[in-house]
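Descriptive structure summary
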Amino acid sequence: MPELPDITVYLEALEQRILGQTLLRVHLASPFILRTFSPPIASLENRPVTSLQRIGKRIVLGFPDDHWLVIHLMIAGRLQWLTANKKGRGAATAASFVFSTGSLALTEAGTQRRASLHVLKGKDALNAHDPGGLETLTCTLSAFSAALTASNHTLKRALTDPRIFSGIGNAYSDEILHHAQLSPVTLTQSLSDEERARLFASVRSVLQLWTARLREEAGREFPSKVTAFHPAMAVHGKFMAPCPRCGTPIQRIRYAENEVNYCPRCQTGGKLLADRSLSRLLKQDWPRTIEEAEARLSARSKFNSVSTPAPVALEEKPDSPPPVASENAVKTGRIRSPKNPQPKTRRRH
Ligand SMILES: [Zn+2]
């Protein structure tokens, strides 16, 4: 799912291309993508785009007379900018917005249709689409700490809950926790003042670093490589690849249909987190919002075909028989030697 850095770079590219430009026509490949009936989407035609903004992980186009178009890309939705010289490619186009400068295409890979469009009238209707999470790039440490500790959740859950923090999802939460050297299953209210400050610094640093990196990669072009599994990520999507900080193979916990990637040396004090009991803890701690339910469904379809290696001590082969999982305790294994030769990198995609 495109998160804050991806959405920010999309918005910057859109600003140069459609801000102040008149939307000439809208084409919907399927009526299902449009989740509102009134005002009709045709009411946006022949009107200029007067503003662009991000709400959570949504992109919002403003039109005169308090009209808004909310684009939610969900997991597999992406934007493309098409001109006479540049045609669309790859995933099927679900909707396109024609301007005199070019066309904005919303594509969605796969067969599941989750990306959505909402046409709204009035600020109240727009505000109803804001999950309410704190903007971490502009808030203070005390506001961050208050949001983080308002309830006692795992760090993974707290960071990715759109009602707590805005624009952070599965990918950047993994990167942030690795940067902060904190365990994804540590509970928010158990952090020390120093750890909360470190997490806050890492949230800002990772989101800013990735926004700058994606901006530089796109250059003057429209961003075309938006992915949840960027090759430069430290841990997300890097199962069994060496940690860029210490070389230890990155581990993975699956819970519900989601997953956490972490370095057992940098983040969990050398402990390997057992899959079964940890996944139960995370599952219980997972919100039941529509957005997250949709994320689970998509992840399930994505990972169905991939087998789950049980957590193993680092000296064992990844495909050795799984240990018997404890039903009531988090099993851990010590890393026995920091200087082991690293297992071959395995990528799941
Ligand atoms: Zn490490």
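In what follows, the structure referred to is the one given above.
As the structure is a computational prediction, the values presented were derived from the model and not from experiment.

**So, the overall build of the chain**
Within the chain, the secondary structure is distributed over 8 helices and 11 strands. Buried positions account for 39% of the 349 residues belonging to the chain.

**Looking at the sheet that holds strand β7 (residues 92-99)**
Spatially, β2-β1-β7-β8-β6 is the arrangement adopted by the 5 strands of the open sheet, whose pairing is antiparallel. One side of each edge strand has no neighbouring strand; the edge strands of this open sheet are β2 (47-48) and β6 (77-82). Note: β6 against strand β8 (residues 102-108), 6 bridges, orientation antiparallel. Directly across from Leu79, in β8, lies its bridge partner Leu106. Its contacts with the sheet put helix α1 (residues 4-18) on β6, β7 and β8, and the angle it makes with β6 is roughly 30°.

**Details of the sheet that holds strand β9 (residues 116-121)**
With antiparallel pairing, the 4 strands of this open sheet are ordered in space as β3-β4-β5-β9. On the outer flanks of this sheet lie β3 (51-55) and β9, each paired with one strand and no other. Across this sheet, the average inter-strand angle for adjacent strands is 20°, counted without regard to direction. Here strand β4 (residues 58-63) runs beside strand β5 (residues 67-72); their pairing, made up of 6 bridges, is antiparallel.

**What about the pairing of β5?**
A regular strand places its side chains so that they alternate between the two faces of the sheet. In terms of burial, β5 is largely enclosed, as 5 of its 6 residues are buried. In sequence, β4 turns back onto β5 through a hairpin of 3 residues, with Asp65 there showing a positive phi of about 65°. Of the pairings in the sheet, the one linking β5 to β9 comprises 6 bridges and is antiparallel in character. Considered in β9, the bridge of Val70 is made with His118.

About the criteria used
Residues numbered from 1 in each chain as written. Predicted model: local features only at pLDDT ≥ 70, side-chain atom pairs only at ≥ 80, totals over all residues. Helix = DSSP H or I, 4+ residues; strand = E, 2+ residues; numbered from the N terminus. Buried ≥ 20, exposed ≤ 12 C-beta atoms within 10 Å, placed from the backbone. Pairing = 2+ DSSP bridges. Contact = placed C-beta atoms within 7 Å. Axes fitted to C-alpha atoms, helices over the stretch in contact; angles between N-to-C directions.

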